[in-house]
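Reading the structure
Residue-level listing of the chains:
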Amino acid sequence: MAFLPKPFEALKKHFNIPVFIPELACPFQCAFCNQRKISGHIAIPQSHEIIKTVNDYLATFPKENCHVEIGFFGGSFTGLPLLQQENFLRLARPYLEKGLIQGIRLSTRPDYINGEVLALLKDYGVTTIELGAQSFDPEVLKQSYRGHTPQQTIDAAKMILQQGFDLGLQMMIGLPGDTLEKAVTTAKTIISLGASNTRIYPTVVIKDTALHTWYKQGKYKPLTLPQAVEWTKHLLPVFENAGVQVIRTGLHPSEGLLSGEELIDGPFHPSFKELVLTEIWYDKLQSIHVNPSNPIVISVAPAQLNHAIGYESKNRKRLLQKYKSVKFKADARLKGKTFKVTSVDV
Ligand code: SF4
């Protein structure tokens, strides 16, 4: 693979080929998890199925100027027997060698990281390891039956970085005992540990989990959708300002959850991130103070246009309650979440 300096690498379009490996024999019982139901899969995929998935995805990607990664997600990859890990990684190797993919990423538990595992992953060209940190608050981890301590995540994160991998640290919000303050502390810890990326998952109640039992007994209440949006609204800028990429906010809308059979309650929304960005933009737009009887035009960077207008035009509708006429316009000269308001005297 040709080495590209960072600025050129950044210009490439990123694609991910997700391969779900459910951990059927997971010995842990995290209160929120019914792994088979979240991943929507009940069988470990066969080699030929994985190869087909990878080939099918590759056929849809541009041939040039892209950065492709195979991601082994769904369970705790490094909790699998070493031989099984090798079997999966061996499937990805030819794609790496031929330059058809540029990296392999996987997700696992912090306490499933050790020197032997990291050496194996290095041998097979794994580039990024994502740890399910969930929270750095000891009480939240304990109440969620997570089975590891914050210190174990800290130690694993350090080992991963020392061995030259890219580090991802995933977090959950709204677990038992969680507060917005604790979630912000978790985000800051993720940053301070040197993660390059994160995922924010609002906790939902899945059928047949411990949370489900506590929910029925009235001992656990998930965040409402507006609360989860509000919390995430505070977390996103913390990560963005530190240059940590937020790969995902909200659970992936797998069929099981969308059908409503497995999802008992909680802040699940297929466009969760858009809801959050709508609120971030609404806060910014509240700084507009111009004559309400004049039509206003709000210019934003092209990539931000939909977020500024809001999910289902929510922000535009809100502004129309105050201003007679509101238009949003894309302006390529504007960067990030800056905006410009033009108010025309009539
Ligand atoms: S979240 Fe991961 S470690 Fe916890 S029970 Fe589910 S599969 Fe096992």
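Residue numbering note: each chain is counted from 1, following its sequence as written. A pLDDT threshold of at least 70 governs which residues receive local features in this predicted model, and a stricter bar of 80 or more applies before side-chain atom pairs are shown or counted, although totals over entire chains, interfaces and linings include all residues.

**A few points about the overall build of the chain**
Operational definition: Every helix listed is a DSSP run of H or I at least four residues long, and every strand listed is a run of E at least two residues long, numbered separately from the N terminus. Based on C-alpha atoms, the radius of gyration is set beside the globule rule, defined as 2.2 Å times the residue count to the power 0.38. Each residue is represented by a C-beta atom placed from its backbone, and any two residues with such atoms within 7 Å are regarded as in contact.
Within the chain, the regular secondary structure consists of 14 helices and 12 strands. In terms of overall dimensions, the chain is globule-like: its C-alpha atoms have a radius of gyration of 22 Å, near the 20 Å expected for 346 residues. Taken over the C-alpha atoms alone, the chain extends approximately 75 × 55 × 35 Å along its principal axes. Long-range pairs, those at least 24 residues apart, make up 78% of the contacts in the chain between residues at least 6 apart in sequence.

**Topic: unusual backbone geometry**
Keep this limit in mind: The burial label depends on the number of other C-beta atoms within 10 Å of a residue's C-beta. Counts of 20 or more mean buried, 12 or fewer mean exposed, and intermediate counts mean partly exposed, with C-beta atoms placed from the backbone.
With phi around 65 degrees, Asp208 is a residue other than glycine that occupies positive phi space. Judged by local crowding, Asp208 falls into the exposed class, with 12 C-beta atoms found within 10 Å.

**Quick word on the sheet that holds strand β8 (residues 245–249)**
The criterion, for reference: Only strands joined by at least two bridges in the DSSP assignment are considered to pair. Where helices are involved, their axes are fitted lines through C-alpha atoms of the stretch in contact, as for all axes, and angles between N-to-C directions lie from 0 to 180°.
Spatial strand order, β1-β2-β3-β4-β5-β6-β8: seven strands in an open sheet with parallel pairing. Of all the strands in the sheet, the pair left with one neighbour each is β1 (13–20) and β8. The average angle at which neighbouring strand axes cross in this sheet is 25 degrees, direction not considered. Strand direction decides the pairing type here: strand β4 (residues 126–134) and strand β5 (residues 166–173), joined by six bridges, are parallel. Bridge pairing in β5 links Gly132 to Gln170.

**Observations concerning the domain arrangement of the chain**
Put simply, the rule is: An automatic or database domain assignment supplies the start and end points of every domain.
Under the domain assignment used here, the chain contains domain 1 (6–270) and domain 2 (287–343). A separation of 35 Å is found between the C-alpha centroids of domain 1 and domain 2.

**Focus: helix α7 (residues 150–162)**
Note the threshold: What a helix should span is 1.5 Å times the count of its residues minus one. Regarding the arc, it is the one traced by the directions from the helix axis to the C-beta atoms.
Relative to the 18 Å expected for 13 residues at 1.5 Å per residue, α7 spans 19 Å between its end C-alpha atoms, a close match to the ideal helical length. Among all positions of α7, only Thr153, Ala156, Ala157 and Ile160 are buried. Along α7, the residues classed as buried sweep out an arc of 105 degrees about the axis, all on the same side. Among the exposed residues of α7, those pointing more than 90 degrees away from its buried face are Gln151 and Gln162. Structurally, α7 contributes buried residues whose contacts are with β4 and β5. At the C-terminal side of α7, Gly164 shows a positive phi close to 85 degrees.

**A short note on the environment of Tyr201**
Tracing the backbone shows Tyr201 in strand β6 (residues 197–202). Sequence separation of Tyr201 and Gln245 is 44 residues, and the distance between their C-alpha atoms is 14 Å. Tyr201 has contacts with Gln170, Met172 and Leu251, leaving out every residue within four places of it along the chain.

**Overview of the pairing of strand β3 (residues 103–108)**
Note the cut-off: Whether a crossover is right-handed comes down to one check: with the strands pointing away from the viewer, does the path from the first strand over the helix to the second run clockwise; if it does, it is right-handed.
Most of β3 is tucked away: five of the six residues are buried. In the sheet, strand β2 (residues 66–73) pairs with β3 via four bridges, with the strands oriented parallel. Residue pairing across strands places Glu69 opposite Gly103, the latter belonging to β3. Handedness of the crossover is the feature at issue here: the chain leaves β2, passes through helix α4 (residues 82–97), returns alongside β3, and the resulting connection is right-handed. A crossover links β3 with its parallel partner β4, the connecting element being helix α5 (residues 115–123), and its sense is right-handed.

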